[in-house]
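What follows is each chain in one-letter form.
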Amino acid sequence: MALLLCLPVGLSLFLPQAQAQAQAQAQAQAQDKQAPTMWYWHNWTDKSGISHMTKCPVRNFNLKTMSHPAGPQWQDRLAPGAAQMIFTVQPAHWNGTWHPDPKVQWIIPLSGSWFVTAMDGTKVVMGPGEISLGEDQRSVRDGHGRIGHYAGNVGDSPVQLLVIQTDETPTVDQPCRFR
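Residues numbered from 1 in each chain as written. Predicted model: local features only at pLDDT ≥ 70, side-chain atom pairs only at ≥ 80, totals over all residues. Heavy atoms only, no water.

1. Observations concerning the sheet that holds strand S6 (residues 95–99)
No. 1: A sheet is described by the order of its strands in space; here 4 strands give the open sequence S6-S11-S8-S9, paired in antiparallel fashion. Two strands in the sheet have a free side with no partner beyond their single neighbour: S6 and strand S9 (123–126). Taking each pair of neighbouring strands and ignoring which way they run, the sheet shows an average axis angle of 15 degrees.
No. 2: With 4 bridges connecting them, S6 and strand S11 (residues 149–154) associate as antiparallel partners. Bridge assignment links Asn95 to a residue of S11, and that residue is Gly152. (Pairing = 2+ DSSP bridges. Helix = DSSP H or I, 4+ residues; strand = E, 2+ residues; numbered from the N terminus. Axes fitted to C-alpha atoms, helices over the stretch in contact; angles between N-to-C directions.)

Structure below.
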């Protein structure tokens, strides 16, 4: 008889825990169904030729597999085109002086920190995993001799970057054009 009395008590302790786990799992699945938002810094040029840094959202995600039978993951695909991947290591205390990007390019720090200062004076420091889109090719040299952006390393260590140069045509007055 003692066994019969303990069984309902044991079940009553297990059921709330099981319900809580089921609720947590359902909540996680519901959140997985909501498209995420990622962010990148866009170094763009206005119609006067002045470069700016703007923080931009990426939120046009679709949940799908990249290769069956792998499970679905959130993807935001840009227009297809040619791209060149370049790994760079900027030595400690690297100084890029004022220059425009050679091509429209995505820049992702892998280790270390670096900064970008736009012609409007906005300075952004980025570390591993942050993303920058360099699109200041149409900037125009100002009265102070500045053109494009000023970049350099932060701290006493080298900075490793992944640069993905694209065949995109540079735009003017289109901040955050990749959403």
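2. Quick notes on the sheet that holds strand S1 (residues 38–45)
No. 1: One open sheet accounts for 6 strands, arranged S2-S1-S10-S7-S12-S5; its pairing is mixed. One side of each edge strand has no neighbouring strand; the edge strands of this open sheet are strand S2 (51–58) and strand S5 (83–90). Pairwise comparison of adjacent strand axes, ignoring direction, gives a mean angle of 25 degrees for this sheet.
No. 2: As judged from the 4 bridges shared by S1 and strand S10 (residues 132–135), these two strands associate in the parallel manner. If you follow Trp44 over to S10, its bridge partner there is Glu135.

3. A few points about the confidence of the model for the protein
No. 1: Predicted confidence across the protein gives a mean pLDDT of 88, with 82% of residues reaching 70 or more.
No. 2: Low pLDDT (under 50) marks residues 1–7, which in the prediction has 0 contacts with non-local residues, meaning those over four places away or in another chain.
No. 3: Every residue in residues 24–28 scores below 50 in pLDDT, and together they form 0 contacts with partners more than four places removed in sequence or on other chains. (pLDDT = per-residue confidence, 0-100. Contact = heavy atoms within 4.5 Å.)

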